[in-house]
Amino acid sequence: MSVELLTLLFFGALLLFLMLGTPLAFVLGGVSVVFLYFEMGTIGFYLLASKMWETMQSPTLMAVPLFVFMAILLEKSGVANDLYDMMHQWFGGLRGGLAIGTVLICVIFAAMSGISGAAVVTMGTIALPKMLERGYDKKLALGAINAGGGWGILIPPSILMVLYSLLTEVSVGRLFAAGIGPGLTLFVLVSLYIGGRCWLQPHLGPALPVEERADWSQKIKSLKAVILPIMIVVIVLGAIFGGFATPTEAAAIGVFGSLVATLINGQLTWQVLHDASIATLKLTALVMWILFAAHAFSTAYTALGAQSLISDLMSYIPGGRWGALFFMLVLLFFFGMVLDPVGIMLITLPVFLPIVHGAGFDPIWFGILFIIMMEVGYMTPPFGFNLFYLKGVAPPDVTMGDIYASVFPYVVVTLIGVALIILFPEIALYFPRLFYG
Amino acid sequence: MMQLARTITRVNQFIGRWVSLGVLVIFVLLLADVVMRYLVGSPTIWTAELATLIFGVYAIIGGGYLLTERGHVNVDIFYGRMSRRRRASVDILTWPLFLLFVGVLLWQGWDIASEAIADMERSNSVWKAPLWPTKALIPVAAILLLLQGIVRLWSDIRVLRGLPIPEDVFGKPGDPDRDEINTQEKQK
Amino acid sequence: AGEVTWRVQAHWPKASSSFTASLGVVAAQLEEKTEGAFKLELLGAGEFAKGPDIYNIVRKGVVPMGTISPSYISDQAEAATFAYGIPGTLRQAWEMEHAIKNLGVEALVNEDLNADGVHMMCEKVLPTEMVLSKKIESAADFQGLKIRSSGAMLDYLAAAGAAPQYIPGSELYQSLSSGVVDGAHWGAAIGAQSMSLWEVCKYHYKPVLAQTTDAFILNQDALEGLPDDLRSALVDTITTRFFLRSAEYQHFEAIALTEGVANDGVEVMTLPDDVLEMLATASAQILETEGQKGEKAAKAADIYRTLMKDMGYA
Ligand code: NA
Ligand code: NA
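Residues numbered from 1 in each chain as written. Chains lettered and ligands numbered in written order. Predicted model: local features only at pLDDT ≥ 70, side-chain atom pairs only at ≥ 80, totals over all residues. Heavy atoms only, no water.

Lay out the overall build of chain A in plain terms, naming residues and giving numbers.
Each helix and strand counted, chain A has 21 helices and zero strands in total. Computed over C-alpha atoms, the radius of gyration of chain A comes to 22 Å, within 12% of the 22 Å expected from 2.2 N^0.38 for 437 residues, which places it in the range of a compact globule. For the C-alpha atoms alone, the extent of chain A along its principal axes is close to 70 × 45 × 45 Å. Expressed as a percentage of the 437 residues in chain A, the buried residues total 66%. The contacts of chain A with a sequence gap of at least 6 include a subset with a gap of at least 24, amounting to 79%. (Helix = DSSP H or I, 4+ residues; strand = E, 2+ residues; numbered from the N terminus. Rg over C-alpha atoms; globule rule 2.2 N^0.38 Å. Buried < 20%, exposed > 50% of the residue type's maximum accessible area, 1.4 Å probe, protein only. Contact = heavy atoms within 4.5 Å.)

I'd like a rundown of the interface of chain A and chain C, residues and numbers included.
Counting residues at the interface gives 41 residues for chain A and 34 residues for chain C. Around 3100 Å² of area is buried between chain A and chain C when both sides are counted, 61% of it from carbon and sulfur atoms. It is Tyr46, Leu166 and Glu169 of chain A in chain A that bury the most area against chain C; as a group they hold 18% of the surface buried on that side. Linking chain A to chain C there are two salt bridges. Note that glutamate 39 of chain A and arginine 7 of chain C form a salt bridge whose closest N and O atoms lie 3.1 Å from each other. If you look at where chain A meets chain C, you find 16 residue pairs in polar contact (both at pLDDT 80 or more). Mapped by element, the contributors of at least two residues to the side of chain A that touches chain C are helix H2 (24–40), helix H3 (46–56), helix H9 (159–168), helix H10 (172–200), helix H12 (227–241), helix H13 (247–264), helix H14 (270–304) and helix H17 (341–358) of chain A. In terms of residue class, the side of chain A that touches chain C is built from 23 nonpolar, 13 polar and five charged. (Buried area = accessible area lost by both parts, 1.4 Å probe. Salt bridge = Lys/Arg side-chain N within 4 Å of Asp/Glu carboxyl O. Polar contact = N/O pair within 3.5 Å; in protein donor to acceptor, adjacent residues only side chain to side chain. Nonpolar A, V, L, I, M, F, W, Y, C, P; charged D, E, K, R; others polar.)

Lay out the packing of aromatic side chains with the relevant residues and their values.
Across all of its chains, the model carries 33 aromatic pairs over all chains by this definition. Between the aromatic rings of tryptophan 6 of chain C and phenylalanine 38 of chain C, the centroid separation amounts to 5.3 Å while the plane-to-plane angle is 85°, which identifies the pairing as edge-to-face. Pair noted here: tryptophan 6 of chain C is in strand S1 (residues 4–9) and phenylalanine 38 of chain C is in strand S2 (residues 38–43), with a separation of 32 residues, a long-range link. Judged by its relative accessible area of 0%, phenylalanine 38 of chain C is buried. Members of the aromatic cluster, connected to one another through ring pairs, are Phe10, Phe11, Phe35, Phe297, Tyr301 and Phe335 of chain A. (Phe/Tyr/Trp six-rings, centres within 6.5 Å; stacked < 30°, edge-to-face > 60°.)

Quick rundown of the coordination of the sodium ion (ligand 2)? Include the residues and the values.
All names here are of chain A. Looking at the metal site, the sodium ion (ligand 2) is ligated by Gly336 (O), Gly377 (O), Thr380 (O), Thr380 (OG1) and Phe383 (O), spaced 2.2 to 2.8 Å from it. Counting gaps between the donor residues of the sodium ion (ligand 2) yields the pattern G-x40-G-x2-T-x2-F. Here glycine 336 is found in helix H16 (residues 320–338), whereas its partner threonine 380 is found in the loop between helix H18 (363–379) and helix H19 (385–393), with 44 residues between them in sequence. Each member of the pair glycine 336 and threonine 380 is classed as buried. (Donors = N, O, S within 2.8 Å, 3.2 Å for Na, K, Ca; no water.)

Tell me about the pairing of strand S4 (residues 118–132) of chain C, and name the residues and values.
Residues and elements named next belong to chain C. Among the 15 residues in S4, 14 count as buried, and that is most of the element. Taken together, the 13 bridges between S4 and strand S7 (residues 203–219) define a ladder with antiparallel strand orientation. For leucine 132, the partnering residue across the bridge sits in S7 and is tyrosine 203. Inspection of the sheet shows S4 paired to strand S6 (residues 183–185) by three bridges, in the antiparallel sense. Across the sheet, leucine 132 pairs through a bridge with glycine 183, a residue of S6. (Pairing = 2+ DSSP bridges.)

Tell me what's going on with the UniProt feature "transmembrane region" (unreviewed entry) in chain B, and back it up with residues and numbers.
Residue and element names in this part refer to chain B. As recorded in UniProt, the sites labelled "transmembrane region" (unreviewed entry) are residues 21–40, 46–67, 88–110 and 130–151. Helix makes up 95% of residues 46–67 and strand 0%, and the two end C-alpha atoms of the span are 33 Å apart. As a span, residues 130–151 carries 91% helix and 0% strand, and end to end its C-alpha atoms are 34 Å apart. (UniProt positions renumbered as here; feature names shortened; annotations may be inferred.)

Tell me about unusual backbone geometry, residues and numbers included.
That bond from proline 381 of chain A to proline 382 of chain A is cis: its omega, 0°, falls within 30 degrees of zero. The topology assignment puts proline 382 of chain A in the loop between H18 and H19. The omega torsion of the bond from lysine 206 of chain C to proline 207 of chain C falls at 0°, within 30 degrees of zero and hence cis. Looking at the secondary structure, you find proline 207 of chain C in strand S7. We note that glutamate 35 of chain C has phi near 50°; this positive angle belongs to a residue other than glycine. Topologically, glutamate 35 of chain C is positioned in the loop between helix H1 (17–33) and S2. Taking the relative accessible area as the measure of exposure, glutamate 35 of chain C reaches 76% and is therefore exposed. The backbone of serine 196 of chain C sits at a positive phi, close to 60°, despite the residue not being glycine.

Pasting the structure below:
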């Protein structure tokens, strides 16, 4: 059977079962088993268990439960609530102000962690309920967190960038530096989108009525709410950039900081710790089981001949180097809908790199485009970890359908960012040149 | 039969309650790593490795517990609009996919675990961490998930036959809020 | 004659130069030699498996062939650590080639592996060297030095007073640049270059910590199931490549280091004598301990000792 036909069957089965409401982990795992058998017989089944073992052993995934735990503590201790009250008093007059404040916090969290999920779970836990309480539109709020949360892999440090440079042998430092400009660009674009949309449609992100707005003395008083969050941010960033801890260890330092904050707020009880632990286990198990199955899925697709498919496809590239670039980005977009970024990297990069070199593109610049496309992949339906994280932490009346529907405008805004970086490569390349000459 | 289902559900809930504390252990181990390196000045080589091994167990063993909570994420665009009976029949229809995944995981995980136990497998780090206890828990996690999946299948069959599915036996019965929303929407 | 295609799971990333120059060349030569009858389908690290698990998928026959670092199989074969390389013992690449192929270290490893249904053939000899962000002028500077390390090298560095620790590869660059650790070894010059370590560690230290190897592993059933002509084509290609690739690799090491000096401002340093003395003591100790693993390990340790004595190292 041809690879093209197998691909249709493989992803067709995935979509069919997803739409039937079967949990993602079981769909990905079950479909992988069928296709591994089809390609290699029962001998291929071993890969299912060995991929699980490999994923269990990943030292950087440990940051996931730590960030979840930290977020839940911040929520339960009232720290998050105070912070959003403060933001509302200061920016309450601005339509969409809370959502813009949220994506700003996403930028800070992106610098605190090397993975995509950290900001999504944190903001999904602490920011989403606060925005909904204050009358923000569900989709506007969900999408903002989905988009902003993904910046963890674009703004340094970034695990995915390290993997990219390991596979392509480009400088990690330059790639890290190249992420700064595009990260800030996306922040500005997303903020402009939120601000503009809420300015046109005030009900999406309502401003505080004039009579409820705080006067200056109240505003100043409310500032004490930022002391604890800033303390946590400072010790985590200080630990990472001061050379005290790896990004994963820094997540443990963040937990320490939020325990202290909870204690200061007088909320540190066994009940709070217990509830936070249970919620953390649920979210971690949810994500990890999907990840086990997703890795098996990528492996099965590799066995079916994914790379020869991509190589075949690349031979149809239209229109020179820009055609090639466009084609690669389109492929990444579609793969991003259904595969996990690590799998996409392993499958596509070996085919793409010779093309990138052949076309004379800067591999650092291409790396940034690649990373942003992975970020888009994290948030595009049907398969995207940001979506699952968000579903895991959102209040029960938020359905997967809501989350899926929320990402569309933010994907468009992010792709506009990609276009800007293609038109103005300096956005990515300015900082590497500044730091490394 | 009911007693057996209740036991399986309770075992998974019990495991979930205790394993959830693993996040605190991981936190303490990683923090200890930093403290030993900077405050004590003698880095420990085993804390990070032990934390990774504990994380591995923590990540897999909660699968069955998550199923008692109906917490495995799915796409609810169509599923969410179905009636309770329709959902139960769709779940029964797609159950073989679950069985394939978890069954093969159990089979192959058993292979991995028995080999690791036979060799008393250790890591090739200097600490020579024992890997076999973590590997041995792969088939255990698969069994826990598989058993809970069987309990779920039975609860779906009971729904089709119009029998009650008490929560203490079968775990969380789907999403009651959503059921209500569905009913309201239908009445409109 | 029917065509044969083998999947090969490498422990190198697919886009790396090692992958292309090692496995890629073997695949091309084999295809040419057999006039297209024997093809290799190459998988980069992690596509099916990575690290130590590559041994398992080859042993079980999920894929018939793979590449590993012999350090992955120290539990499977008594003499594996000797095939990987003992820090502070052999100094030149040719000494290692000689010990592996002529003096019988590889054969000792295969005594154990063959019982497991696997056959190992070394791929090349490569050096391991350390890069540091600090200058070491005396044994005192070496005390408490935080070095990212792994395997046998960890004991070795600790014995001379360093404080080795484990940092995952994905967080290594960040940890070196911020100062969580002061140095690391990742291969030697080529490894440091591919991991961008020189951007954050300007001192490249000689002498080699160890001469080490990479290796091919083959599933024996699959190997025996090949038609005679294809089997000998494969075995001959790999055997010849070992010597050719080892020599070529040394050349590339030199080029990489020259580039590092020119482009990254790397300074090539030599460890001070008092540090070297402490390392030598540690090395003798490791050789002793490794040799006690069993009869085959003892034989391998003797091969090392004899060669070192003949070279005037001990
Ligand atoms: Na980041
Ligand atoms: Na996606």
